[in-house]
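Descriptive structure summary
Residue-level listing of the chains:
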Amino acid sequence: MNTYFITGTDTDAGKTVAACAFVQHLVKSRQKVAVMKPVASGCQRQNGQLVNDDALNLMHQSNTSFDYDKVNPYTFEAAIAPHIAAADNDTVIEKDKLVASVEWFGDQQIDSLVIEGAGGWQLPLAPGLCMPEVVKAINAQVILVVGLKLGCLNHALLSLQSIRQEGCEVIGWIAVQTEPEPMPRQDENLASLRELLNTQELAHIPYVPDWSAKDLSIYFHKHD
Ligand SMILES: Nc1ncnc2c1ncn2[C@@H]1O[C@H](COP(=O)(O)OP(=O)(O)OP(=O)(O)O)[C@@H](O)[C@H]1O
Ligand SMILES: C[C@H](N)[C@H](N)CCCCCC(=O)O
Ligand SMILES: [Mg+2]
């Protein structure tokens, strides 16, 4: 099983949009793809169960079917930093539980598991635990999503540096225009990102109204 971890330059960087696009891309290349949003803060109650839109969108794009709890083991209602939401609920987010929940998918006859992080790369999860420790333990290949906004150059470079410092493998980055209006001087910013990020650009996703109903795999670049 290939395990991919989708991180981003920040919360609202376009991770869910890029992760859904990546799932579509893998499904198009005939893979059996499962998804995870292991830690979700910002959930609604649906039939007595807390559910998160990111997890539901990812599940909608995948071509396998697993119980919601398997896809999203940690759910918190408040749209706040997950470790704070966890403390409010007298819960501690545990590395072992997260690792075990990813490993469970290893026995499910799938080709790829696409995991969306939460917030940015160095997301605190619990006292003494940040997300990179989990990503290392599951040996995932990391994809960095860059939300095209002023400040993204610094955020992208810092994220890439930290991902590599943690000893994780970065397989590429994805540019996402998250707002209807492009950022000021977007083309030059994209050129700078291409020059500065020494990892391959996998896709450039423009602003797509009603994106969850669209084929976003068309924005992936062809690589040899
Ligand atoms: N290319 C796009 N076209 C249209 N809307 C977009 C696009 N990219 C992002 N958005 C919108 O911008 C917002 C933030 O994007 P998204 O939810 O993918 O960010 P995220 O990085 O997954 O955030 P979180 O940390 O909450 O998981 C969402 O409302 C999303 O629908
Ligand atoms: C609620 C939001 N959409 C995300 N799910 C959580 C973002 C946490 C960010 C934490 C931080 O780095 O400050
Ligand atoms: Mg998201």
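What you see is a predicted model, and the numbers here were worked out from it, not measured in a lab. Within every chain, residues take consecutive numbers counted from 1 along the sequence as written. Both sets of labels track the order of writing: A upward for chains, 1 upward for ligands. The predicted nature of this model means local features are confined to residues of pLDDT at least 70 and side-chain atom pairs, given and counted, to a pLDDT of 80 or more, with totals for whole chains, interfaces and linings taken over all residues. With hydrogens and water stripped out, all remaining heavy atoms of the structure feed into the side-chain values.

Points about the environment of Ala137
In plain terms, the rule: Going along the chain from the N terminus, every DSSP run of H or I of four or more residues is numbered as a helix, and every run of E of two or more is numbered as a strand. Only protein chains enter the area calculation, which uses a 1.4 Å probe; residues under 20% of their type maximum are buried, those over 50% are exposed, and those in between are partly exposed. Note on definitions: a residue-residue contact is assigned when non-hydrogen atoms from the two residues lie within 4.5 Å.
Following the sequence through the fold, Ala137 ends up in helix α6 (residues 131-137). The class of Ala137 is partly exposed, set by a relative accessible area of 37%. In this structure, the C-alpha to C-alpha distance between Ala137 and Leu153, residues 16 residues apart in sequence, is 28 Å. Excluding its chain neighbours within four sequence positions, the residues that come into contact with Ala137 are Lys95 and Val99.

Some details on helix α1 (residues 15-28)
Each full turn of the α-helix corresponds to 3.6 residues, which orients residues three or four apart in the same direction. Rules: Expected helix span is taken as 1.5 Å per residue step, with the number of steps being one fewer than the number of residues.
Taking 1.5 Å per residue, 14 residues should reach 20 Å; α1 reaches 20 Å between its end C-alpha atoms and fits that length. Within α1, 11 of the 14 residues are buried, which leaves the element mostly enclosed by the surrounding structure. Arg30 sits one or two residues past α1 and shows a positive phi near 70°.

Overview of the site of ligand 2
Heads up, the condition is: We call a residue near a molecule or strand as soon as one heavy atom of that residue lies within 4 Å of the molecule or strand. Under the rule applied, a polar contact is a pair of N or O atoms within 3.5 Å (in protein, one hydrogen donor and one hydrogen acceptor; residues adjacent in sequence only if both atoms are side-chain atoms). Computed with the Shrake-Rupley method and a 1.4 Å probe, the accessible areas treat only the protein chains shown as cover for residues. The residue classification treats Ala, Val, Leu, Ile, Met, Phe, Trp, Tyr, Cys and Pro as nonpolar and Asp, Glu, Lys and Arg as charged. All others, Gly included, are polar.
Surveying the vicinity of ligand 2 reveals the residues Thr11, Ser41, Ala79, Ile80, Pro82, Gly119 and Leu123. Note that a nitrogen atom of ligand 2 is positioned 3.3 Å from one of the backbone N or O atoms of Ser41. In isolation ligand 2 has 390 Å² of accessible area, and contact with the protein removes 61% of it. Residues belonging to the shell around ligand 2 are distributed by class as follows: 4 nonpolar, 3 polar and no charged.

Observations regarding the packing of aromatic side chains
To keep it simple, the criterion reads: Paired rings are identified among Phe, Tyr and Trp, the last through its six-membered ring, by centres lying within 6.5 Å, and are further divided according to the angle between planes into stacked (under 30 degrees), edge-to-face (over 60) and tilted (the rest).
The tally for this structure, following the rule as stated, stands at 7 aromatic pairs. Both rings, one in Tyr4 and one in Phe22, keep their centres 4.8 Å apart while their planes meet at 90°; by these two values the pair is edge-to-face. Placement of the pair is Tyr4 in strand β1 (residues 2-8) and Phe22 in helix α1, with a sequence separation of 18 residues. Considered together, Tyr4 and Phe22 belong to a single accessibility category, that of buried residues. For the ring pair Phe66 and Trp104, a centre distance of 5.6 Å and an interplane angle of 85° mean the geometry is edge-to-face. Remark: Trp104 occurs in helix α5 (residues 95-105) and Phe66 occurs in the loop between α2 (53-61) and α3 (68-71); sequence separation between them is 38 residues. Judged by relative accessible area, Phe66 falls into the buried class, the value being 18%.

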